[in-house]
Each structure stands twice: as structure tokens, then as C-alpha cells.
Amino acid sequence: MIDFMTYWFEWFLIAWLGLLAFLVAKSLVSARAPRSGLLSGDGAGLIDPERLPLFLVTVGFALYYTVQTLMTPMVELERAPDEFWMPEVPQEMLYLLFGAQASFLTGKVFRLFQLREAR
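On a predicted model such as this, the values are computed, not experimentally measured, just so you know.

Draft legend 1. Inspection of helix H4 (residues 91-118) at higher detail. The terminal C-alpha atoms of H4 lie 40 Å apart, and with 28 residues this matches the ideal 40 Å at 1.5 Å per residue to within 8%. Contacts made by the buried residues of H4 are with helix H2 (51-71).

Draft legend 2. Looking closely at the side chain of Glu50. With respect to the helices, strands and loops of the structure, Glu50 is situated in the loop between helix H1 (2-29) and H2. At a separation of 2.9 Å, a polar atom in the side chain of Glu50 contacts the side chain of Arg111. Apart from the residues lying within four places of it in its own chain, the contact partners of Glu50 are Ser103, Phe104, Gly107, Lys108 and Arg111.

Draft legend 3. Structural view of H2. If you check H2, its first and last C-alpha atoms are 30 Å apart, about what 21 residues at 1.5 Å a residue would give, namely 30 Å. Among all positions in H2, only Arg51, Leu54, Phe61 and Tyr65 are buried. Along the axis of H2, the buried positions cluster into a sector of 100°, meaning they face one direction only. The exposed set on the far side of H2, more than 90 degrees from its buried face, consists of Leu56, Leu63, Leu70 and Met71. Along its buried surface, H2 packs onto H4.

Draft legend 4. Structural context of a nonpolar patch on the surface. A surface patch of nonpolar side chains, amounting to about 980 Å² of accessible area, comprises Met1, Ile2, Phe4, Met5, Tyr7, Trp8, Trp11 and Ile14. Mapped onto the elements, Trp11 comes out in helix H1. Given a relative accessible area of 47%, Trp11 falls into the partly exposed group.

Draft legend 5. Layout of the packing of H2 against H4. Two elements in contact, H2 and H4, have axes whose closest approach is 9 Å; the angle formed by their N-to-C orientations is 155°. One finds that H2 runs roughly antiparallel with respect to H4. Where H2 crosses over H4, the handedness of that crossing is left-handed. Contacts between H2 and H4 pair Arg51, Pro53, Leu54, Val57, Thr58, Phe61 and Tyr64 from the former with Met93, Leu96, Leu97, Ala100, Gln101, Phe104 and Lys108 from the latter. Of the residues in the contact of H2 with H4, the class split is ten nonpolar, two polar and two charged.

What counts, and where the lines are drawn
Residues numbered from 1 in each chain as written. Predicted model: local features only at pLDDT ≥ 70, side-chain atom pairs only at ≥ 80, totals over all residues. Heavy atoms only, no water. Helix = DSSP H or I, 4+ residues; strand = E, 2+ residues; numbered from the N terminus. Expected span 1.5 Å × (residues − 1). Contact = heavy atoms within 4.5 Å. Polar contact = N/O pair within 3.5 Å; in protein donor to acceptor, adjacent residues only side chain to side chain. Buried < 20%, exposed > 50% of the residue type's maximum accessible area, 1.4 Å probe, protein only. Arc of directions from axis to C-beta. Patch = residues over 30% accessible without salt bridge, like charges linked within 9 Å, V, L, I, M, F, W, Y side chains within 5 Å. Areas by Shrake-Rupley, 256 points an atom, 1.4 Å probe, with all protein chains shown as cover. Salt bridge = Lys/Arg side-chain N within 4 Å of Asp/Glu carboxyl O. Axes fitted to C-alpha atoms, helices over the stretch in contact; angles between N-to-C directions. Parallel < 35°, antiparallel > 145°, perpendicular 65-115°, else oblique. Left-handed = near helix turned anticlockwise from the far one by under 90°. Nonpolar A, V, L, I, M, F, W, Y, C, P; charged D, E, K, R; others polar.

What follows is the structure, encoded as C-alpha cells:
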């Protein structure tokens, strides 16, 4: 009975997360979603050079890890009987995330000091 419930719960969870992803993607594509300031912070409409890599790396990492999670067989994720883990995050991806975050924060600090000197 537990196996039956686990099986259906897994499919329900996959369907629910898929529906959630669809709704988020639909709202991002539609005109209702507030996208102003996503890639530009000054309101002038120009893309900030530190925001674009951060956005691309974050979305790319999320897609990569989602695909890795869905494609990895459950047998490989089993550590002990009835104990499952998420796939390991590659060190290179962590370096990319760290580099994008560092670039973003460095750009923010630079712009802050640049604004203070302009006053």
C-alpha cells in the first residue's frame, strides 16, 4: 500500500511542479509580468553588464540541475535503503555561480562609489 501511495505521490509532485513551471513561464511571457528592472537597475532601460551574466548563469544552473535531477535514475541516488539524495552539484557550476555573484556585487559596489564621487 505504501509503494502505491509513493508512486502516485511522485507523479502528483512531478505534475504539480510541471504545472507551476508552466504558469511561471506563461506569466513571464505575457505582458502582465513585471519585468522592468530585471536586467537594468537605473531605470534608463540599459542592460547592466553585471546583471546579464548573473541572470543567465542562474537560469542555466536551474535548468541544468532540473534536467540532471529528472534524468538521473533513482538507483544512483539511493544511499541507504529507502533513503534518497539529490544529485551532486558539479564544482564547476559552483564556480560559475560564485563568479557571477562576485561580478554582480563588484559592479554594485563600483556603481555605488561612482555615484558618491559624482555628488
